[in-house]
Amino acid sequence: MDKLAMGPRPYLFPMPTVLIGANVNEKPNYMAAAWASIANWVPPMVAVAVNHARYTNKGINENRTFSVNMPSRKQLAKTDYCGLVSGNMVDKSAIFESFYGKLETAPMASECPVSLECKLHTSLDLGSHFLFIGEIVDVYVDKDCITDGLPDIQKVDPVIYSMSQGNYWSVGENIGKAYSIGKEYKK
Ligand SMILES: Cc1cc2nc3c(=O)[nH]c(=O)nc-3n(C[C@H](O)[C@H](O)[C@H](O)COP(=O)(O)O)c2cc1C
């Protein structure tokens with residue numbers, strides 16, 4: 001075994017790059033986030049880790065709603081900008097055109113091909129970050145990013161983040177069918 005123990009660090013590849021949308025002081029604010037994951041299936045939930053210092057916290061706690069928007073490569077510069085500047089200093093409300101769904105207080109970015117509209121289910125203070133678990137009340141997908149009624153990863157063209165090198169990546173090739181290719185394995 002030729003491995004280097006690197007100490008406890010949150011290296012999990014790949015990370016999605018998303019934009020967390022929240023209304024803060026009644027205005028939309030978007031922050032870039034890579035620490036985001038599906039947390040439950042029934043009902044569907046997503047979890048995002050938000051550092052205590054973020055402006056976004058105020059909006060999520062105020063309204064108990066937020067959105068998770070998946071930008072495509074086309075929105076890369078705007079997305080990175082939302083990770084460079086804080087709503088504490090800069091008004092980010094006009095970077096994306098916002099729309100609202102059922103919850104009325106979770107702003108979603110029209111330009112992003114996929115948006116999850118969430119109501120806050122649980123918030124955990126884990127130390128440096130709050131883990132916000134949101135119940136997904138609806139999902140909005142650009143029609144031209146759908147294949148056979150489902151969001152298509154190639155058409156969405158999501159942005160992947162590599163935390164260790166600090167780079168953005170795009171999705172590579174399709175290497176197999178899930179819940180299927182394992183059938184070929186025999187010990
Ligand atoms: C690619 C990328 C991923 C990021 N992921 C997170 C994250 O998961 N959680 C977090 O708290 N901050 C994350 N940040 C930093 C915030 O986006 C940044 O501090 C932003 O200015 C916060 O915006 P706000 O203060 O308006 O909420 C990330 C930044 C970038 C560029």
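Residues numbered from 1 in each chain as written. Predicted model: local features only at pLDDT ≥ 70, side-chain atom pairs only at ≥ 80, totals over all residues. Heavy atoms only, no water.

Some remarks on the overall build of the chain
Argument step 1. Per the secondary structure count, the chain includes 3 helices and 14 strands.
Argument step 2. What you see for the chain is a C-alpha radius of gyration of 17 Å, in line with the 16 Å of a compact globule of 187 residues.
Argument step 3. Dimensions along the principal axes, computed over C-alpha positions, put the chain at roughly 60 × 45 × 35 Å.
Argument step 4. In the chain, 60% of the contacts between residues at least 6 apart in sequence involve partners at least 24 apart.
Argument step 5. Carbon and sulfur atoms form 57% of the exposed surface of the chain, whose accessible area is close to 11,800 Å².
Argument step 6. Side-chain charges in the chain split into 18 positive and 19 negative, and the spacing between the mean points of these groups amounts to 6 Å. (Helix = DSSP H or I, 4+ residues; strand = E, 2+ residues; numbered from the N terminus. Rg over C-alpha atoms; globule rule 2.2 N^0.38 Å. Contact = heavy atoms within 4.5 Å. Areas by Shrake-Rupley, 256 points an atom, 1.4 Å probe, with all protein chains shown as cover. Lys, Arg positive; Asp, Glu negative; His and termini not counted. Charge placed at Lys NZ, Arg CZ, Asp CG, Glu CD.)

Some remarks on the state of the cysteines
Argument step 1. This structure, assessed with the given rule, holds 0 disulfides.
Argument step 2. Take C82: it sits in no disulfide, and the sulfur closest to it among the cysteines is that of C112, at 8.9 Å.
Argument step 3. Not part of a disulfide, C118 finds its nearest cysteine sulfur in C112, a span of 14 Å. (Disulfide = S-S within 2.5 Å.)

Brief notes about the sheet that holds strand β14 (residues 167-169)
To summarise the sheet geometry, strands pair through backbone hydrogen bonds and adopt either a parallel or an antiparallel arrangement.
Argument step 1. Strand order in this open sheet of 3 strands is β1-β13-β14, and the pairing throughout is antiparallel. Lying at the two open borders of the sheet, with one neighbouring strand each, are β1 (15-16) and β14.
Argument step 2. Pairing of strand β13 (residues 160-162) with β14, which is carried by 3 bridges, proceeds in the antiparallel orientation. In the strand pairing of β14, Y161 is matched with Y168. (Pairing = 2+ DSSP bridges.)

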